[in-house]
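# Understanding the architecture of this molecule
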Amino acid sequence: MPERSTESDSSVSAGAAFAAHPGATADLAAREAAATDRSGYVPASLPDAVVRCESVDDVVEALRLAHARGVPVVPRGAGTGLAAGASAHAGQVVVDVRGMNRILSIDPVEMVAVVEPGVLNAEVNAAAAEYGLFYAPDPASTAICSIGGNIATNAGGMWCAKYGVTRESVLGLRVVLADGRVLRTGRGTIKGVTGYDLTALLIGSEGTLGIVVEATLRLRPRPVRTETLAAYFPDVETAGRAASAITAARIQPSILELMDGPTLDAVDRAEGTRHRELGGAFLLAQTDGFGAHLELDEIVRAVEPFATSIRRAADEGEAAALVKARRDAIPALERLGRVSIGDIAMPRNRLADAFAGLEEIAARTGVRIFSVAHAADGNLHPIVVVGPDESITEGPAKAALGEMFHLAKRLGGTLTGEHGVGLLKREWVAEELGETSIELQHAIKAAFDPGGILNPGKAI
Ligand SMILES: Cc1cc2nc3c(=O)[nH]c(=O)nc-3n(C[C@H](O)[C@H](O)[C@H](O)COP(=O)(O)OP(=O)(O)OC[C@H]3O[C@@H](n4cnc5c(N)ncnc54)[C@H](O)[C@@H]3O)c2cc1C
C-alpha cells in the first residue's frame, strides 16, 4: 500500500485559493475524512482543503474560485461510493455538499419531492412514507448515502428490479457548472421532452460535469401489499439458474437478490443468523401490488425445481429480517478484511455462466471472491476480500477486477452496473465504449468543463 504523504505536492497549495470561502478548512482531520470513500482505495496523499457547503451560493462561490485559479475540485456527498469516485489527493480541493440536507417540498398529489443533494436516501423515503409514497431507487446503503451521490452514480438498489434505477426517478436538477453558472435541467412534470435530455446526461456523470445542488424526484404510491420469500439452493450456479427462470417466466418481482454460500457464512457470523444451514446460496424475492401473493406463487413454481428449501415470510417482521440479511452483506464482508467490490452486469440469462466464470477467476488469481447480485437486473457484485494491508489497486485483487470485466464482456455485459467507474475501473472504459464513443464523451466533458477542473481522472 502506498505511504501516504500529508503534504501537498503542488507548488502553491490549491487550498490557499479558497481562503476567502466561509466553508473552507485545511484541518488535517477534515482532509483525512474527505480523502476517500468505501471502495478500499487509499490515495497516496491528502487533498489540500475541504470546502463545506450549506447553500447553492456556497457551491457557486467555491466553483468561481476554483475556475479563476484552475484548481481541480472533487464533489463529495456521504462518501459511501465503491469506485473511489470521491477520492481526492494533493493539489485537489473537496467540495462537500453533505450540509445541504433539506427536503424542500413534497407534493403528495403530483408525487414529486424537491430535495437538496446532502439528504440521505432513507430520509427521503421516511418523509415520503408520511404521504403513503416511496422513492424507489434504494441502494443497500440507503441509510448512509446521499441523494446527490445517488444521482452522480445513477445508483441502483433492490426495488430497482421493478421500478428502475435512479435515472427513472429524477425529473429535474439544479446544477452548478465548472465556472459557477447555475443550470436547471428537466422539469417538475412527469412527462416532458423539450431539448436534449441534460438531466439524463448528468445522472451517472460522477461529478465530472457539474455539482448537483437540488433534485426534483419522482415518488410512487407505496404498494398496498408485499409478499416475500427466501429460497435456498445447493450452490450459487443453481441459484443463478433459478433467478434466470423467474425472468424467463415473465414474472416481475419488486426485489430479486442473490447471495452465495460464503457471503451467507459472513452474514451469519456477523448477525447471528442461520441462513447457511439451509443451503449454499440464497435468493430473496419480493412481489408487490394487489396481486402480490399470486405473483409470489408463480415465483415459487419457477424456483421449486432448483431449490433445497423455500421459506415464505409469515409477516412483515420476517420479511424485514430477510431483506436485512441482504443489506448486511457488504458490512459483514468488510469485517473480514479490505474489500474490492466488482459491479459487472450481463444479460439475465447468463447469471449461472457468470458465477462459473468467477470461480475460475478465483482459482486462477488466488483471491477470495464472494458474490451478491441484484439478480433481476443481471447485476453482480463479485467481492474480493484481501488482508487489511494488501492493495486493491495492484497485484491479484487488481488482476481479478480486470478479469471480471473481461468475463462480463464475453457474456455480452458491462464493466459497471451501478457503482460507476470512478478511479478504479477507468482503464477498461475505452475498451468497452470504443473510440467514437470515447471521443464524443470527451467532447461533452470539454463543453461542460473546458478547464477540466471537475473531478479529473474519474469516470471517462
Ligand atoms: C454497504 C454499502 C452498500 C451499498 N449498496 C449499494 C447498492 O445497493 N447500489 C448502489 O448503487 N450503490 C451501493 N453502494 C455504493 C454507494 O452507496 C452509492 O454509490 C451511492 O450512490 C454513493 O452516494 P454518496 O453520497 O456516498 O456519494 P459519494 O461517495 O460521496 O460520491 C460518489 C460519486 O458522486 C459524486 N458526487 C457526490 N455528490 C455529488 C453532487 N452533489 N454532485 C455531483 N457529484 C457528486 C462524487 O464526486 C463521486 O464521484 C453501497 C455502498 C455501501 C458502503
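These numbers were taken from a predicted model, which means no experiment stands behind them.

What counts and how
The residue count restarts for each chain, going from 1 along the sequence in the order it is written. Reporting of local features is limited, given that this is a predicted model, to residues whose pLDDT is at least 70; pairs of side-chain atoms are given and counted only at 80 or more, and all residues count toward the totals for whole chains, interfaces and linings. Think of the side-chain values as coming from all heavy atoms in the structure, minus any hydrogens and water. Working definition: residue near molecule or strand if any one of its non-hydrogen atoms lies within 4 Å of it. By the criterion applied in these results, polar contacts are pairs of N or O atoms within 3.5 Å in which, for protein atoms, one can donate a hydrogen and the other can accept it, and in which residues neighboring in sequence qualify only through two side-chain atoms. To measure how exposed things are, a 1.4 Å probe is used in the Shrake-Rupley method; for residues, cover is taken only from the protein chains shown. Only DSSP runs of H or I with at least four residues qualify as helices, and only runs of E with at least two residues qualify as strands; both kinds are numbered from the N terminus onward. Three classes are used: nonpolar for Ala, Val, Leu, Ile, Met, Phe, Trp, Tyr, Cys and Pro, charged for Asp, Glu, Lys and Arg, and polar for all others, with Gly counted as polar. Only the stretch in contact is used when a helix axis is fitted, and all axes are lines through C-alpha atoms; the angle between N-to-C directions ranges over 0 to 180 degrees. Should an angle fall under 35 degrees it is called roughly parallel, over 145 degrees roughly antiparallel, and 65 to 115 degrees roughly perpendicular, with every other angle called oblique. Should the near helix be turned anticlockwise from the far one by less than a right angle, the crossing is left-handed, and should it be turned clockwise, the crossing is right-handed. Here a residue-residue contact requires only that any non-hydrogen atoms of the pair lie within 4.5 Å. Among the buried residues, those of types Ala, Val, Leu, Ile, Met, Phe, Trp, Tyr and Cys that are joined through side-chain atoms within 4.5 Å form a nonpolar core. With a 1.4 Å probe rolled over the protein chains alone, any residue whose accessible area is under 20% of its type maximum counts as buried; one over 50% counts as exposed, and the rest are partly exposed. In this analysis, the expected span of each helix is defined as 1.5 Å times one less than the number of residues it contains. Whenever a pair of cysteine sulfur atoms sits within 2.5 Å, that pair is classed as a disulfide. An automatic or database domain assignment provides the domain bounds reported here. In this description, buried area is defined as the sum, over both parts, of the accessible area (probe of 1.4 Å) that is lost when the two are combined. Think of a salt bridge as a Lys or Arg side-chain nitrogen and an Asp or Glu carboxyl oxygen that are within 4 Å of each other. Paired strands, in this sense, are two strands between which DSSP finds at least two bridges.

### Comments concerning the site of the ligand
The local shell around the ligand holds 36 residues, among which P75, T80, G81, S141 and S146 are the closest. Between the ligand and G149 there is a distance of 3.3 Å, counted from an oxygen atom to a backbone nitrogen or oxygen. About the coverage of the ligand: the protein hides 99% of its 980 Å² of free accessible area. Contributions of two or more residues to the shell around the ligand are made by strand 3 (73-76), helix 4 (147-153), strand 10 (211-218) and helix 11 (329-334). No other element matches helix 4, which puts five residues into the shell around the ligand. A class-by-class count of the residues in the shell around the ligand yields 15 nonpolar, 17 polar and four charged.

### Details of the packing of helix 7 (residues 236-248) against helix 12 (residues 351-365)
Where helix 7 contacts helix 12, the axes come no closer than 7 Å and their chain directions differ by 160°. For the element pair helix 7 / helix 12, the angle class is roughly antiparallel. The two elements helix 7 and helix 12 meet at a crossing, and its hand is right-handed. Touching V236, E237, G240, R241, A243 and S244 of helix 7 are L351, A352, F355, A356 and E359, all from helix 12. Classifying every residue of the contact of helix 7 with helix 12 by side-chain character gives six nonpolar, two polar and three charged.

### Overview of the nonpolar core
Within the largest apolar cluster, 53 residues are counted, with the highest numbers of intra-cluster contacts made by L283, L380 and M404. The greatest single-element share of this core, amounting to seven residues, is contributed by helix 13 (residues 395-410). If you look at the next biggest cluster of nonpolar residues, it comprises 31 residues, including I255, A266, F282 and A319.

### Side note on helix 12
The terminal C-alpha atoms of helix 12, which comprises 15 residues, lie 21 Å apart, in line with the 21 Å expected from a rise of 1.5 Å per residue. Next to the buried residues of helix 12 lie helix 7, strand 13 (255-260), strand 17 (368-374), strand 18 (379-386) and helix 13. Just beyond helix 12, the residue with positive phi is G366, at close to 75°.

### Details of the state of the cysteines
This structure, assessed with the given rule, holds zero disulfides. With no disulfide of its own, C145 has C160 as its nearest cysteine by sulfur position, at a separation of 11 Å.

### A word on the domain arrangement of the protein chain
When cut into domains, the protein chain gives domain 1 (14-96), domain 2 (103-221), domain 3 (226-331) and domain 4 (337-428). Computed over C-alpha atoms only, the centres of domain 2 and domain 3 are separated by 29 Å. On the side of domain 3, twelve residues touch domain 2, which itself brings ten residues to the contact. Here domain 2 and domain 3 share an interface that buries about 880 Å² over both sides, 52% of which is from carbon and sulfur atoms. D138 is paired through a salt bridge with R327; the nearest N and O atoms lie 3.3 Å apart. For the interface between domain 2 and domain 3, the tally reads five residue pairs in polar contact (both at pLDDT 80 or more). Class assignment of the residues belonging to the side of domain 2 that touches domain 3 gives a composition of six nonpolar, two polar and two charged.

### Concerning the side chain of D260
Inspection of the secondary structure puts D260 in strand 13. Of the polar contacts made by the side chain of D260, one reaches the side chain of T263; its length is 2.6 Å. D260 has contacts with V236, G280, A281, I369, F370 and S371, leaving out every residue within four places of it along the chain.

### Regarding the sheet that holds strand 17
Spatially, seven strands are ordered 15-12-14-13-17-18-16 in an open sheet, and the strand pairing comes out antiparallel. Bordering the open sheet on either side are strand 15 (309-312) and strand 16 (338-341), each of which pairs with just one other strand. On average, each strand axis in the sheet is tilted by 20° relative to the strand beside it, whichever way the strands run. By the bridge criterion, three bridges tie strand 13 to strand 17 in an arrangement that is antiparallel. Bridge assignment links L258 to a residue of strand 17, and that residue is A373.

### Details of the sheet that holds strand 6 (residues 112-115)
Ordered in space as 5-6-10-8-9, the five strands form an open sheet in which the pairing is antiparallel. Where the open sheet ends on each side, the last strands, each with one partner, are strand 5 (103-107) and strand 9 (182-186). Ignoring which end each strand starts from, the neighbouring axes of this sheet average 10° apart. Here strand 8 (residues 170-176) pairs with strand 9 via five bridges, running antiparallel.

### Comments concerning the pattern of salt bridges
Oppositely charged side chains can pair when the atoms bearing their charge come close. According to the stated counting rule, one finds 21 salt bridges in the structure shown. A salt bridge links R184 to E214, with the shortest nitrogen-to-oxygen separation between them at 3.6 Å. You can see R184 sitting in strand 9 and its partner E214 sitting in strand 10, a full 30 residues away along the chain. Judged by relative accessible area, which is 57%, R184 ranks as exposed. Given the relative accessible area of 12%, E214 is considered buried. One salt bridge connects K398 with E427, and the closest N-O pair in it is separated by 2.8 Å. Taken together, the positions of K398 in helix 13 and E427 in the loop between helix 13 and helix 14 (429-433) put the pair 29 residues apart, joining distant regions of the chain.

### Structural notes on helix 8 (residues 261-271)
G261, T263, L264, A266, V267, D268 and A270 are the residues of helix 8 that are buried. On its buried face, helix 8 is in contact with strand 13, strand 14 (281-288), helix 10 (316-327), helix 11 and strand 17. G272 occupies a position one or two residues after helix 8 and carries a positive phi of about 70°.

### Observations regarding the environment of A325
Summarising the element assignment, A325 is placed in helix 10. Distance in space between the C-alpha atoms of A325 and G156 is 18 Å, their sequence separation being 169 residues.

### As for the environment of T142
Looking at the secondary structure, you find T142 in the loop between strand 7 (133-134) and helix 4. The class for T142 is buried, based on a relative accessible area of 13%. Sequence separation between T142 and V95 is 47 residues, and the spatial gap between their C-alpha atoms is 22 Å. Sequence-distant contacts of T142, defined by excluding residues within four places in its chain, comprise L120, N121, A122 and R327. Separated by 2.9 Å, the side chains of T142 and N121 make a polar contact.

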